[in-house]
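Given next are the chains, with one letter for each unit.
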Amino acid sequence: MPYPATSVSALFKTSKFEIGVTPIPGVSGGSSTFLGGDAIGISKDCKKPAQAWNFLAWLMTQKAQQSVFADNNDTASNLKVLESGYTKADPRTQIANMTVRTGQTPIATNFNEAFNASGSPWQLLIQDAVWGDASKVAKDNTAITTALAG
């Protein structure tokens, strides 16, 4: 199933079943992944905005990205850390990190309905393609397009 690397990597050592990681294959070759969805900000009611900005500035440094994210087998957002900060990481984490450079943040009004909602066309497509009836994939792709069109 398409899960974020952070959710999957937490299961690598505890799962009772084998977990693999692969990028999403492209229609005409290549591969990618979904990016985005994680956000952090400072509310307008923040009592200490200067300190909050200081924390965010620190969190985005290469050193913090390494110690907070990479050293804990989590995905950093700093491309230099993604390239060199995971040499001792689980190989599946390394695969997930390789896809970030080509990842894209989908923009669509009905994105959640098409991809994230329980029983979404995307989930049905994955289920049919991997475990079910692969002859339904074309119909599932059409359902995704229909959901995105609203």
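Residues numbered from 1 in each chain as written. Predicted model: local features only at pLDDT ≥ 70, side-chain atom pairs only at ≥ 80, totals over all residues. Heavy atoms only, no water.

Q: What am I meant to see in the packing of aromatic side chains here?
A: We describe a pair of aromatic rings using the distance from one ring centre to the other and the angle between the two ring planes. Summed over all chains, the structure comprises three aromatic pairs. Ring plane angle 55 degrees and centroid distance 5.6 Å describe the contact between phenylalanine 115 and tryptophan 122, whose orientation is recorded as tilted. Of the two residues examined, phenylalanine 115 and tryptophan 122, each falls in the buried class. Clustering of aromatic rings is evident, with ring pairs tying together Phe111, Phe115 and Trp122. Across from the ring centre of phenylalanine 12, 3.8 Å away, lies the NZ or CZ of arginine 92, which sits over that ring. (Phe/Tyr/Trp six-rings, centres within 6.5 Å; stacked < 30°, edge-to-face > 60°. Buried < 20%, exposed > 50% of the residue type's maximum accessible area, 1.4 Å probe, protein only. Lys NZ or Arg CZ within 6 Å of the ring centre and 35° of its normal.)

Q: What am I meant to see in the pattern of salt bridges here?
A: A side chain with one charge may pair with a side chain of the opposite charge, provided their charged atoms come close. In this structure the tally under the stated criterion is one salt bridge. Two residues, aspartate 90 and arginine 92, come together in a salt bridge whose shortest N-O distance is 2.8 Å. (Salt bridge = Lys/Arg side-chain N within 4 Å of Asp/Glu carboxyl O.)

Q: So what exactly am I meant to see when it comes to the packing of helix H7 (residues 121-130) against helix H8 (residues 137-149) here?
A: In helix packing, the relevant descriptors are the interaxial angle and the interaxial distance, both defined with respect to the helix axes. In contact at an axis separation of 9 Å, H7 and H8 are set at 170 degrees when each is read in the N-to-C sense. Classified by the angle their axes make, H7 and H8 are roughly antiparallel. Together, Pro121, Trp122, Leu124, Leu125, Asp128 and Ala129 of H7 and Val137, Asp140, Asn141, Ala143, Ile144 and Ala147 of H8 make up the contact between the two elements. (Axes fitted to C-alpha atoms, helices over the stretch in contact; angles between N-to-C directions. Helix = DSSP H or I, 4+ residues; strand = E, 2+ residues; numbered from the N terminus. Parallel < 35°, antiparallel > 145°, perpendicular 65-115°, else oblique. Contact = heavy atoms within 4.5 Å.)

Q: Even after reading the chapter, I still don't get H8, so can you show me in this structure?
A: With 13 residues, H8 should reach 18 Å at 1.5 Å per residue; the first-to-last C-alpha distance of 18 Å fits that figure. With its phi angle positive at about 80 degrees, glycine 150 sits one or two positions after the end of H8. (Expected span 1.5 Å × (residues − 1).)

Q: Looking at this structure, I do not really get a nonpolar patch on the surface. What am I missing?
A: Taken together, Ile40, Phe55 and Trp58 make up a surface patch of nonpolar side chains, about 340 Å² in accessible area. With respect to the helices, strands and loops of the structure, phenylalanine 55 is situated in helix H2 (residues 49-59). (Patch = residues over 30% accessible without salt bridge, like charges linked within 9 Å, V, L, I, M, F, W, Y side chains within 5 Å. Areas by Shrake-Rupley, 256 points an atom, 1.4 Å probe, with all protein chains shown as cover.)

Q: So what exactly am I meant to see when it comes to the confidence of the model for the protein chain here?
A: Do not read the fine detail of predicted coordinates wherever pLDDT is low. When pLDDT is averaged along the protein chain, the result is 86; 94% of the residues meet or exceed 70. Per-element confidence in the protein chain is highest for H2, whose mean pLDDT is 95, and lowest for helix H1 (residues 5-9), whose mean pLDDT is 72. (pLDDT = per-residue confidence, 0-100.)

Q: Looking at this structure, I do not really get the environment of glutamine 127. What am I missing?
A: Looking at where glutamine 127 falls in the secondary structure, it is placed in helix H7. Residue glutamine 127 is classed as partly exposed on the basis of its relative accessible area, which comes to 35%.

Q: In this structure, what is going on with the environment of aspartate 71? I would like to understand it.
A: On the secondary structure map, aspartate 71 appears in the loop between helix H3 (62-69) and helix H4 (79-84). For aspartate 71, a relative accessible area of 52% gives the class exposed. The spacing of aspartate 71 and serine 120 is 49 residues in sequence and 34 Å in space, taken between C-alpha atoms. For aspartate 71, the side chain forms a polar contact with the side chain of glutamine 66, separated by 2.7 Å. (Polar contact = N/O pair within 3.5 Å; in protein donor to acceptor, adjacent residues only side chain to side chain.)

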